[in-house]
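Summary of the model geometry
Letter by letter, the chains look like this.
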Amino acid sequence: MFLGRHDRVVTWEVAERYLKALDAPRGKQLIWFENSVHWPQVEESQKYSDMLVHRVLAETAEGSGQ
């Protein structure tokens, strides 16, 4: 889960509660965007892209046998 550190729409308490409730057998984690509010894909677009490619895609590919 990606979350902007300064987000007031989705607070860290709400995000943490939701994350704990998720059933994710392959794992789950909260990734902070320190310089973002509610739109990390815009506010920190390079980090967002890097996280998708090097974290999400890499971990998904490893788990799928690709």
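Just so it is clear, the model here is predicted, and its values are computed rather than measured.

Considering the overall build of the chain
In terms of helices and strands, the chain carries three helices and two strands. Taken from N to C terminus, the helices and strands of the chain fall in the order β-α-β-α-α. In terms of overall dimensions, the chain has a C-alpha envelope of 40 × 30 × 10 Å along the principal axes. When contacts within the chain are restricted to residue pairs at least 6 apart in sequence, long-range pairs at least 24 apart make up 56% of them. Roughly 5000 Å² of accessible area belongs to the chain as shown, and the carbon and sulfur atoms make up 55% of that amount. Each charge class in the chain can be summarised by its mean position, and for the 8 positive and 10 negative side chains these summaries are 5 Å apart.

What about the environment of T60?
Mapped onto the secondary structure, T60 falls in helix α3 (residues 45-64). You can call T60 partly exposed: its relative accessible area is 39%. Once the C-alpha coordinates of T60 and R26 are considered, the two residues, 34 residues apart in sequence, prove to be 9.3 Å apart.

Focus: a nonpolar patch on the surface
A surface patch of nonpolar side chains, about 320 Å² in accessible area, is lined by L52, V53, V56 and L57. Inspection of the secondary structure assignment puts V53 in helix α3.

Here's the deal with the environment of R8
As for its placement among the helices and strands, R8 is situated in the loop between β1 (2-4) and α1 (12-21). Classification of R8 as exposed rests on a relative accessible area of 67%.

Looking at the pattern of salt bridges
Where charged atoms from two side chains of opposite charge approach closely, those side chains can pair. As enumerated under the stated definition, the model contains one salt bridge in all. Salt-bridge contacts for R5 lead to E34; the nearest nitrogen and oxygen are separated by 2.8 Å. Here R5, found in the loop between β1 and α1, pairs with E34, found in the loop between β2 (31-33) and α2 (40-43); they are 29 residues apart in sequence, far enough to count as distant. Overall, the relative accessible area of 39% leaves E34 in the partly exposed class.

Some thoughts on the side chain of D7
Structurally, D7 is set in the loop between β1 and α1. With no salt bridge to any partner, buried D7 finds its closest opposite charge in R8, at an N-O distance of 7.1 Å. Here the side chain of D7 touches V10 through a polar contact of 3.0 Å, landing on its backbone nitrogen. Residue contacts for D7: discarding those within four places in its chain leaves S36, V37 and H38.

What counts and what doesn't
- Residues numbered from 1 in each chain as written.
- Predicted model: local features only at pLDDT ≥ 70, side-chain atom pairs only at ≥ 80, totals over all residues.
- Heavy atoms only, no water.
- Helix = DSSP H or I, 4+ residues; strand = E, 2+ residues; numbered from the N terminus.
- Contact = heavy atoms within 4.5 Å.
- Areas by Shrake-Rupley, 256 points an atom, 1.4 Å probe, with all protein chains shown as cover.
- Lys, Arg positive; Asp, Glu negative; His and termini not counted.
- Charge placed at Lys NZ, Arg CZ, Asp CG, Glu CD.
- Buried < 20%, exposed > 50% of the residue type's maximum accessible area, 1.4 Å probe, protein only.
- Patch = residues over 30% accessible without salt bridge, like charges linked within 9 Å, V, L, I, M, F, W, Y side chains within 5 Å.
- Salt bridge = Lys/Arg side-chain N within 4 Å of Asp/Glu carboxyl O.
- Polar contact = N/O pair within 3.5 Å; in protein donor to acceptor, adjacent residues only side chain to side chain.

In short, the description is geometric, and any link to function would need to be established separately.
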